[in-house]
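Coordinates in review
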Amino acid sequence: MKKSTKLLSMLMALIMLVTSVSAFTLTANAYVEPKSASVDGVWFYYTVKDGKATILYSADYNEPYKGKTFTFPSKIKGKKLVAIESFFLYSKTCKTMVIPDSVERLGSLKNGDFYAAISSDTVETIKIGKGLKTIKYNPFITGKKFIVSKDNKNFASEKGVIYNKKKTAIVAFPAGKKPKTYTLNKNVKVVKPFAFTWSVIKNINLNKVQKAYPEAFYGAEFKTVKLGKDAKSISAEAFTWCSYITKIQVNKNNKNFKVKNGVLFNKKGTKLVMFPKGKKKSAYTIPKKVNTVGKDAFAFCYKLGKVSVPSSVTNIQSGAFNTYGLKVNLPKKVKKIGNRAYGSSNITKAAFPKTVTSIGYQAFCGCEKLKSVDMSKIKLKKIKQETFSFTSISSIKFPKGVEEIGYYAFGGTKLKTVTVPKSVKVIRGFGFESDKLTKITVKGKDTELKAHALGYEYYYDDEVGDEVPRQITIVAPKGSKAEKFAKKYGFTFKALS
């Protein structure tokens, strides 16, 4: 992984932290302001629900903790502590952290909150009490050893690693543990999400593992990955941000996978599972036998310049080509295009063949080189959320019978004028948000434009030094919903002749 890539990943994690940590937190049906408390001079924020406390995050104004062991309280101002969502301990001396028996959950319940529940620059050992029931998304980015209470009914530890109680699934591998090569215990069949987050292991042998969850090896620095003969439910999603991988090996007796020219395929060779993310190559051509490009198959392949996709490919799964700057094409007979399938890539044309039956949300989000979209040959009722957002699109040909323009579907584009077909029933918020937009023609009398369908009605003008109204003309039938929208938000209206 290049330093720039590593920094980008860390920045993304930081953004997730900032956006998820606010002055308020959502509980049952109301926002509750967090309270503050401290233990041994370490301040943090927490909430109380049903008489039980949850630590949300540590305060950013803490002085360095000077002790050698930090123990979380079992009660906070009389309320039982049952969960820790995020906590960074700033210290130069602390080596041990203790999670009390009262704590039932570590980590956030929100999938996508990639910040760590427990992190520290110095802590080497984390002791976990008997009450822990749930370890959620990305709980640890610290330590060399975990010790789980023998009385815990859900988890167990061995040689510093956390497993489920039966030791058939690995839950967390210490980020500070630094073996050059690591082979998983032969009893382990499953690798849980974020189990190897930011691991510095260089070579990993999955041995008897059958399944690895998405983000199982998030940000790990593997160079070589070896799948055993039992591997079956493993995709590139498990190796998110693993940008060092140059070599993939598969046991010759495996009935589900094979490697060809260094690339991982299913046994039949009809599905491309993963391109080695750290492999430097100017161009790669997908074999003509392939009909499916798997989830995240080429995601984060920053050292790969171009991918040629043959017409045999009909299914492009979620995140398949989600790599900034990757040159890639749209195959001639594609049917399904998954969520974020081409996100941030350098695809330049999107003329969809009549074979297309579905396009996922954010499918082309961030494709800066994409200038035009032609969906005139396909039948599609809904253009989903952010599908073509933040592209250079200046012209659109809509699908036959399209009924809905999703939230931010064409937001952040370079559209100057657009004509919305009569079939469209609704345009969601920011559906056509564009600084360049000056005119929109809405052919349907009953087409509903939701609030901010064209973006905010005002923008900040640096030259004026204040907010000014956006100059957009809405052309639509007299008495239409679009006319009412124009009058309500102060846009110029012109009757459609």
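Our subject in this report is the structure included herewith. Because the structure is predicted, anything quoted here is derived from the model rather than measured. (Residues numbered from 1 in each chain as written. Predicted model: local features only at pLDDT ≥ 70, side-chain atom pairs only at ≥ 80, totals over all residues. Heavy atoms only, no water.)

Moving on, we get to helix 2 (residues 481-489). For helix 2, the complete set of buried residues consists of A482, E483, F485 and A486. In an axial view of helix 2, the angular spread of the buried residues amounts to 160°, which keeps them on one side of the axis. Those residues of helix 2 that are exposed and aimed more than 90 degrees away from the buried face are K484, K487 and K488. Downstream of helix 2 by a residue or two, G490 has a phi angle that is positive, lying close to 80°. (Buried < 20%, exposed > 50% of the residue type's maximum accessible area, 1.4 Å probe, protein only. Helix = DSSP H or I, 4+ residues; strand = E, 2+ residues; numbered from the N terminus. Arc of directions from axis to C-beta.)

Right, let's talk about the sheet that holds strand 35 (residues 349-351) for a bit. In spatial order, the strands read 35-37-39; together these 3 strands make up an open sheet with parallel pairing. Both edges of this open sheet fall to strand 35 and strand 39 (395-397), since each of them pairs with a single strand only. Pairwise comparison of adjacent strand axes, ignoring direction, gives a mean angle of 10° for this sheet. As defined by bridge partners, strand 37 (residues 372-374) adjoins strand 39 across 3 bridges and the pair is classed as parallel. Within strand 39, the residue paired with S372 across the bridge is S395. (Pairing = 2+ DSSP bridges. Axes fitted to C-alpha atoms, helices over the stretch in contact; angles between N-to-C directions.)

Once that is clear, we can look at the nonpolar core. Of all hydrophobic cores here, the largest spans 66 residues; its most connected members are F298, F321, F352, F364 and F432. Those elements giving two or more residues to this core turn out to be strand 27 (263-266), strand 31 (304-308), strand 41 (417-420), strand 43 (439-442), strand 47 (473-476) and helix 2. Here this core gets 3 residues from one element, more than from any other, and that element is helix 2. Residues in contact with F298, not counting those within four places in the same chain, are L272, F275, Y284, I286, V293, L304, V307, A320, F321, T323 and L326. Core analysis: the next-biggest nonpolar cluster, separate from the first, contains 34 residues, C94, I135, F146 and V148 among them. (Core = buried A, V, L, I, M, F, W, Y, C linked by side-chain atoms within 4.5 Å. Contact = heavy atoms within 4.5 Å.)

The next thing to look at is the pairing of strand 46 (residues 466-469). Note: strand 45 (residues 458-461) against strand 46, 4 bridges, orientation antiparallel. Paired with D461 across the bridge in strand 46 is D466. The loop that links strand 45 with its antiparallel partner strand 46 comprises 4 residues; one of these, G465, has a positive phi angle of about 80°.

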